[in-house]
Amino acid sequence: MKKDNNLWNADVELPEIVLEKANDAFAKIQREETSTMTNINSYKKTNRSRTLRKFTAVAACAGLLVVGSVASAAAIRHIWGRGMQGTLQSTDEQQQKLTDQGIAQVIPEQTDYSDLAVTSNGVTVAPDTVITDDKFIYMSFCISGYDTEGKDPSFEFINVSVKDPSSNASMDLSSNSCFYDGIVSDENGNLEYDDGSALESDENDTLISHYTDENGNLEYVITAFVQDQNDSILGKTAQVDFTNLGTSEKADYTNVIDGNWNFTIPLSSVSSDKTITVDKAVEGTPFTVKDIKISPVSMELNYAVSEEIHSYTNTTLPGFMGVVLKDGTRYPYLADCGIDGYTDDTLTNAYELRSFDRVIDVDDVAALLIMPADRDEILEIALP
Amino acid sequence: MKTKKEQLELIKKAKGHDPDAFTTLMQSYMKDMYRTAVAIVMNDADAADAIGDTILACWEKLETLKNNAYFKTWMIRILINNCYDIRKQKERLTSMDDYEEMAVTDESNLEFKELLSILDERYRIPMLLYYGQGYKIKEIAELLHIPISTVQTRLDRGRSKLKAYYQAERNDHHEKR
């Protein structure tokens, strides 16, 4: 990939037509600005001053609000680890509820916690928070004893699987994982730091990541999920294996520390799914949402597909994007990783499994937000 | 290349309606804008239109930018939206095959365009933003309004397709010998 990477940012020559259009735009701006300054100079200055004062006042209020939020947050005990709170955003009440229900496990609060930590070549890795539902596991691990020296950290290899303790049958999982960088999405998909502050870039225009906490520790977060719609993770035992630790730059890994950190973690068997019959079409497509199984942390949609699908060249399923709550709050970027597909070759039924980027109170969901494959339009499908 | 401090100074001045500062600022991003635009619209003429529209839009909306350090991402987002608008307009008038073939008449930057043409747009745009522009996966998800997992999947598939393409090229080359 080295050759390809060089080509992606190879120097280009700006074509004449691009330079002409750009210069036309710059000239238009120059003309308009000169005209404005000549004809309405004092009026514009007055308006600009009022705009600036308003912006400053809003910024000051925003500053106060942020300080207030941090102060009150410090007074409330956060149950989940930093990385899990950023990966699966939640209120303190939601964290408390899921932990009390046994859906979330906060490992440091358990006895014999120190037995679960693994140290290899001076680096200690320990499980922190584990959240399980039928199809997805969210796991965070705390890493201490490793100095990133300002670079993006990475494990060389990571493997996640689950085993059925009764039959000893093993099941591979798909997973998305990374070192937690302190960057989260708000409800509109806009990125910000987990303390609510705006993103910052360095002198090379690269986004600054906040990998370490106040103790200099890192966290690694994993979202793992079944590879088959019919599989379940509940009550299984997770096996997580990390190999070697180093740095990563544009997907190229450089090894720093040889090591193996292996974990066997019993998972919750508590089901948190709610099944809702929907029976509503995704407008303009051959897909009808038959039913959904929603948990606080994931969604399963089941579709019926009409025969019309066979006349389509593109048989891609619609994409679940998010939800609308009963109070009108919209989460259009709720959906994260997962799988989708047809149940068999007849193309009469299809499904999608999707994790969330924040905890949802299932009883508060009023509608689904779904995007058809062939157009950039988010459709709202009300739940009965 | 301007330092970060110099860039922020330019943005500050541009926000104060200084057209010279704005022009200098935008010119420093012209090549990045061109690479991104041509990856979506696949021809120089439409890339030029998208860039021109973006320059004007950025000038009009610059006061809405909350964090100056985030300028480039904000600008690229406007550019991507303009590129898709132009494509939608053209798709109503021509078939997709005719549209993408327009690129063959462009004579500049052929090696870069050949790279783009190997991949379907679902893969080439995340690949360009990741490898060409250095955006992180979360940033790409935000720019393209797709889930983070989708970005990861498309990067995986883009890499596999490129690997297969170059492998096939090497095999053809050996056979010809």
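Conventions used here
Residues numbered from 1 in each chain as written. Chains lettered and ligands numbered in written order. Predicted model: local features only at pLDDT ≥ 70, side-chain atom pairs only at ≥ 80, totals over all residues. Heavy atoms only, no water. Helix = DSSP H or I, 4+ residues; strand = E, 2+ residues; numbered from the N terminus. Buried < 20%, exposed > 50% of the residue type's maximum accessible area, 1.4 Å probe, protein only. Contact = heavy atoms within 4.5 Å. Areas by Shrake-Rupley, 256 points an atom, 1.4 Å probe, with all protein chains shown as cover. Salt bridge = Lys/Arg side-chain N within 4 Å of Asp/Glu carboxyl O. Nonpolar A, V, L, I, M, F, W, Y, C, P; charged D, E, K, R; others polar. pLDDT = per-residue confidence, 0-100. Polar contact = N/O pair within 3.5 Å; in protein donor to acceptor, adjacent residues only side chain to side chain. Pairing = 2+ DSSP bridges. Axes fitted to C-alpha atoms, helices over the stretch in contact; angles between N-to-C directions. Expected span 1.5 Å × (residues − 1). Phe/Tyr/Trp six-rings, centres within 6.5 Å; stacked < 30°, edge-to-face > 60°. Parallel < 35°, antiparallel > 145°, perpendicular 65-115°, else oblique. Left-handed = near helix turned anticlockwise from the far one by under 90°.

## Thoughts on the overall build of chain B
Consideration 1: In terms of regular secondary structure, chain B is built from 10 helices and 0 strands.
Consideration 2: Looking at chain B residue by residue over its 177 residues, the buried ones come to 55%.
Consideration 3: Once local pairs closer than 6 in sequence are excluded, the contacts in chain B between residues at least 24 apart make up 68%.
Consideration 4: Carbon and sulfur atoms provide 49% of the accessible area of chain B, an area that totals close to 8,400 Å².

## Points about the overall build of chain A
Consideration 1: Each helix and strand in chain A was counted, giving 5 helices and 21 strands.
Consideration 2: Burial statistics for chain A: of 384 residues in total, 45% are counted as buried.
Consideration 3: In chain A, of all internal contacts separated by at least 6 residues, the share reaching a separation of at least 24 is 63%.
Consideration 4: With the model as given, the accessible surface of chain A reaches about 18,900 Å², and the carbon-plus-sulfur share is 48%.

## What about the interface of chain A and chain B?
Consideration 1: Taken together, the contact pairs 53 residues of chain A with 54 residues of chain B.
Consideration 2: We note a salt bridge from Asp11 of chain A to Lys31 of chain B, for which the minimum N-O separation is 2.9 Å.
Consideration 3: Looking at the side of chain A that touches chain B, the elements with two or more residues in it are helix H1 (2-8), helix H2 (16-39), helix H3 (41-75) and strand S18 (335-342) of chain A.
Consideration 4: Here the element with the most residues in the side of chain A that touches chain B is H2 of chain A; it accounts for 11 residues.
Consideration 5: Split into classes, the residues belonging to the side of chain A that touches chain B amount to 24 nonpolar, 11 polar and 18 charged.

## Examining the confidence of the model for chain A
Residues and elements named next belong to chain A.
Consideration 1: Across chain A, the average pLDDT comes to 82, with 84% of residues at or above 70.
Consideration 2: Confidence, expressed as mean pLDDT per element, reaches its minimum in chain A at H3 with 31 and its maximum at strand S14 (residues 287-295) with 97.
Consideration 3: Low confidence marks residues 38-77, where pLDDT is under 50. Its contacts with residues over four positions away, or in another chain, come to 14 contacts.

## Brief notes about the side chain of Asp133 of chain A
Residues and elements named next belong to chain A.
Consideration 1: Of note, Asp133 is situated in the loop between strand S3 (123-132) and strand S4 (136-144).
Consideration 2: Here the side chain of Asp133 touches Ser295 through a polar contact of 2.7 Å, side chain to side chain.
Consideration 3: Here Ser298 takes part through its side chain, which lies 2.4 Å from a polar atom of the side chain of Asp133.
Consideration 4: Setting aside residues up to four positions removed in sequence, Asp133 forms contacts with Ile233, Leu234, Ser272, Ser295, Val297 and Ser298.

## Examining the sheet that holds strand S5 (residues 153-163) of chain A
Residue and element names in this part refer to chain A.
Consideration 1: Strand order in this open sheet of 4 strands is S6-S5-S11-S12, and the pairing throughout is antiparallel. Two strands lie at the open edges of the sheet, namely strand S6 (170-172) and strand S12 (252-266), each paired on one side alone. Across this sheet, the average inter-strand angle for adjacent strands is 25°, counted without regard to direction.
Consideration 2: With 12 bridges connecting them, strand S11 (residues 237-249) and S12 associate as antiparallel partners.

## Let's talk about the pattern of salt bridges
All names here are of chain A.
Consideration 1: By the definition in use, this model includes 15 salt bridges over all chains.
Consideration 2: Here Asp363 makes a salt bridge to Lys274, at a shortest N to O gap of 2.8 Å. Residue Asp363 is located in the loop between strand S19 (349-356) and strand S20 (365-371), and its partner Lys274 is located in strand S13 (residues 274-281); the two are separated by 89 residues in the primary sequence.
Consideration 3: Residues participating in the shared-partner salt-bridge network are Asp340, Glu352 and Arg354.

## Concerning the pairing of strand S15 (residues 298-305) of chain A
Residues and elements named next belong to chain A.
Consideration 1: Burial within S15 is extensive, with 7 of its 8 residues counted as buried.
Consideration 2: Bridge count for S14 against S15 is 8 bridges, and the pairing is antiparallel. Bridging from a neighbouring strand, Asp291 pairs with Asn302 of S15.
Consideration 3: Turn length for the S14-S15 hairpin, with the two strands adjacent in sequence and antiparallel, is 2 residues.

## What to know about the environment of Val160 of chain A
Residue and element names in this part refer to chain A.
Consideration 1: In this structure, Val160 sits in strand S5.
Consideration 2: Considered as a pair, Val160 and Thr223 are 63 residues apart in the sequence and their alpha carbons are 9.7 Å apart.
Consideration 3: In this structure Val160 touches Met139, Asp172, Leu173, Ser175, Ile222, Ala224, Gln239 and Val240, once residues within four positions along its chain are discounted.

## Quick look at helix H4 (residues 44-61) of chain B
Residues and elements named next belong to chain B.
Consideration 1: The terminal C-alpha atoms of H4, which comprises 18 residues, lie 25 Å apart, in line with the 26 Å expected from a rise of 1.5 Å per residue.
Consideration 2: Burial in H4 covers these residues: Asp44, Asp46, Ala47, Ala48, Ala50, Ile51, Gly52, Thr54, Ile55, Ala57, Cys58 and Trp59.
Consideration 3: Between the side-chain oxygen of the N-cap and the backbone nitrogen of Ala45 there are 3.2 Å, and the N-cap of H4 in question is Asn43.

## What about the packing of aromatic side chains?
All names here are of chain A.
Consideration 1: For the structure shown, the criterion picks out 17 aromatic pairs over all chains.
Consideration 2: Measuring from centroid to centroid gives 6.3 Å for Phe320 and Phe356, while their planes differ by 40°, and the two rings are tilted. Linking Phe320 in strand S16 (residues 319-325) with Phe356 in strand S19, this pair joins segments that are 36 residues apart in sequence. Comparing Phe320 with Phe356, the two get one shared label, buried.
Consideration 3: Following the ring pairs from residue to residue traces out a cluster consisting of Phe141, Phe155, Phe179, Tyr220, Phe242, Trp261 and Phe263.

## A short note on the packing of helix H3 (residues 30-41) of chain B against helix H7 (residues 110-118) of chain B
Residue and element names in this part refer to chain B.
Consideration 1: Direction vectors running N to C along H3 and H7 enclose 40°, while the axes themselves pass 10 Å from each other. What the angle tells us is that H3 and H7 run oblique. Handedness of the crossing formed by H3 with H7: right-handed. Contact residues: Tyr34, Arg35, Val38 and Ala39 in H3; Phe112, Lys113 and Leu116 in H7.
Consideration 2: Partitioning the contact of H3 with H7 into residue classes produces 5 nonpolar, no polar and 2 charged.

## Some words on the packing of helix H1 (residues 4-15) of chain B against helix H2 (residues 19-27) of chain B
Residues and elements named next belong to chain B.
Consideration 1: As a packed pair, H1 and H2 sit with axes 8 Å apart at the nearest point and diverge in direction by 135°. It follows that H1 is oblique to H2 by the angle criterion. Regarding H1 and H2, the two cross each other, and that crossing is left-handed. For the pair H1 and H2, contact is made by Gln7, Leu10, Ile11, Lys13 and Ala14 and by Ala21, Phe22, Thr24 and Leu25, respectively.
Consideration 2: For the contact of H1 with H2, the per-class residue count stands at 6 nonpolar, 2 polar and 1 charged.

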